[in-house]
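A closer look at the structure
So you can see what is in the structure, the chains are spelled out below.
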Amino acid sequence: MRSVGICGIGHTKFGEYPGSFLTMLCQAALEAMDDAGTSGGPHHVIDQILVSTMGAGILNHQSGVASAVADALALCPAMAETVENGPASGGSALKLGYMAIASGLCDCVLVVGGDQMTRVPGPVATDFVATMLHPEAEYRLGLTLPAFVGMFTRLLMDKNGITPRDLALLAVKNHANAMLNPLAQLHKPVALSDLMDKTETRRRDRIIADPLRLYDACPISDGAAAAVLCAMDRTQALGLRTPVRIAGIASATDTHVVANRADPTRLDAVRISAQHAYQMAGLHPADVDVAELHDAFLILELAESEEAGLFPRGTSHLALRRGETAIGGRLPINPSGGLKAKGHPLGATGISQVVELVHQLRGEAGERQVPGARTGLAINFGGFGNNVVSTLVTTRKEDA
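Below is a summary of the structure that appears in this document. (Residues numbered from 1 in each chain as written. Predicted model: local features only at pLDDT ≥ 70, side-chain atom pairs only at ≥ 80, totals over all residues. Heavy atoms only, no water.)

1. A short note on unusual backbone geometry
Here the residue pair C76 and P77 is connected by a cis peptide bond, since its omega of 15° sits within 30 degrees of zero. With respect to the helices, strands and loops of the structure, P77 is situated in the loop between α3 (65-72) and β3 (79-83). Backbone torsion omega between D210 and P211 reads 5°, so that peptide bond is classified as cis. Mapped onto the elements of the fold, P211 is located in the loop between β5 (207-209) and β6 (212-213). If you check the backbone angles, H61 has positive phi at about 55° while not being a glycine. Tracing the sequence through the fold places H61 in the loop between α2 (56-59) and α3. Of note, the phi angle at A74 is positive, near 55°, even though the residue is not glycine. In this fold, A74 is placed in the loop between α3 and β3. (Helix = DSSP H or I, 4+ residues; strand = E, 2+ residues; numbered from the N terminus.)

2. Points about the packing of helix α4 (residues 89-102) against helix α13 (residues 346-362)
Orientation of α4 relative to α13, taken along the N-to-C sense of each, is 60°, at an axis distance of 5 Å. Across the interface between the two elements, S89, G90, G91 and L94 of α4 pack against G347, G350, I351 and V354 of α13. (Axes fitted to C-alpha atoms, helices over the stretch in contact; angles between N-to-C directions. Contact = heavy atoms within 4.5 Å.)

3. Description of helix α5 (residues 122-130)
Every buried residue of α5 is listed here: A125, F128, V129 and A130. Where α5 is buried, its residues contact α2, α6 (145-160) and α13. (Buried < 20%, exposed > 50% of the residue type's maximum accessible area, 1.4 Å probe, protein only.)

4. Here we look at the layout of surface pockets
As a volume, the largest pocket reaches approximately 650 Å³. Residue lining of the largest pocket: 30 residues in total, with A217, C218, P219, I220 and F297 positioned closest to the centre. It is α5 that provides the largest number of residues to the lining of the largest pocket, a total of four residues. In the lining of the largest pocket, the residues fall into 22 nonpolar, six polar and two charged. If you go around the second largest pocket, the residues you meet are A137, E138, L143, F148, M151, F152, L155, V257, V258, A259, P264 and F384. Here the residues of the lining of the second largest pocket are counted per class, giving eleven nonpolar, no polar and one charged. (1 Å grid on protein atoms, 1.4 Å probe; cavity = no way out; pocket = protein on both sides within 12 Å on 5 of 7 lines; lining within 4 Å. Points joined across faces, edges and corners; volume = space filled by probe spheres on them. Nonpolar A, V, L, I, M, F, W, Y, C, P; charged D, E, K, R; others polar.)

5. Some remarks on the pairing of strand β4 (residues 108-116)
Here β4 lies mainly inside the structure; nine of its nine residues are buried. Here β4 shows a buried face lined by C108, L110, V112, G114 and Q116 and a second buried face lined by V109, V111, G113 and D115. When strand β2 (residues 48-52) meets β4, the two strands line up parallel, connected through five bridges. Among the inter-strand pairings, I49 is bridged to a residue of β4, identified as L110. Strand direction decides the pairing type here: β4 and strand β7 (residues 222-231), joined by nine bridges, are antiparallel. The residue bridging G113 from the neighbouring strand is A225, located in β7. (Pairing = 2+ DSSP bridges.)

6. What to know about the environment of R165
With respect to the element layout, R165 can be found in helix α7 (residues 164-178). A relative accessible area of 29% places R165 in the partly exposed class. For the pair formed by R165 and M196, sequence separation is 31 residues and the distance between their alpha carbons is 7.1 Å. Those residues in contact with R165, other than ones at most four positions away along the chain, are L192, M196 and E200. Polar contacts involving the side chain of R165 include one to the side chain of E200, which spans 2.6 Å. (Polar contact = N/O pair within 3.5 Å; in protein donor to acceptor, adjacent residues only side chain to side chain.)

Structure, rendered in structure tokens:
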């Protein structure tokens, strides 16, 4: 099986995109192809295009998106397919691109993902996201993702001693990180005093789904991200820049109906996909220098970090309190601002996470740079943990 790396990355600013859905995807794709380093852009070497999106057909009334991208970028007759796996669509597209190259089918794959969600009212977007829930046992009964997360948050607070102040600390951290990211959606600093009363025991921001509060959730976003993947043994011949290696990539599923899980506080698909990625890479949680975790709701950053083995169970909030997950801490998490403050255009998110890790491993993340970062972990979370993709990227040598 051939080794696969990322030679080029591209990323639009997240928030409200003024142009069309297709233009947004092409902007990120062109940036990634230019970043890959060939003089005229690697148009002539792209064998496969994979476009990840969850909402193009519903929100933007556009299907056949991959074919449109191939034509718009003058990449015909490259193979082209659209990938949909809920909010984990981007991670799945990266995995399929990896598989296409590792198998020998392709030498070079363009992966681009995005969604344009701000053009519909908030309740419409909330309902659209809820369609990923089980159609009979959950969605039909009126459940939404915030409702699930509210229950999940309460369970973990009661089980592990997580406090409202801990979640406020997460919001403060990720908003501060986003202030250092020019492509983040929320350039709004948040202080602990903005979110907590004077006793620091009660939250000020409004309730979404008790105990979930406004600043515990990500915004509705537009945006796109892209990556050019290439076989490590072909980058020089194709004139592409030195890649960051994809050391491990894996996905796993869990029961679609959350109530069918033996322990509703466990995210087994996160744990299993991360374990498989570590095994594939020959790495361990202790090797991770920086992580981008899917914090569409802040509690997920804490839960995913434990399932991925970055902290023992029930202790991630203690590491947060000690500043270990801040930039400059022992293990920075979400230096991009995370979904919480960078934004969460569903189909772009998994690719965006890896784009941030590539910036970090190249040493080009500017004020949010994690010094000496060599290995990064991304967790792209689909549904309510029923389909998860974990990716490890590294600059370490393969025989290290």
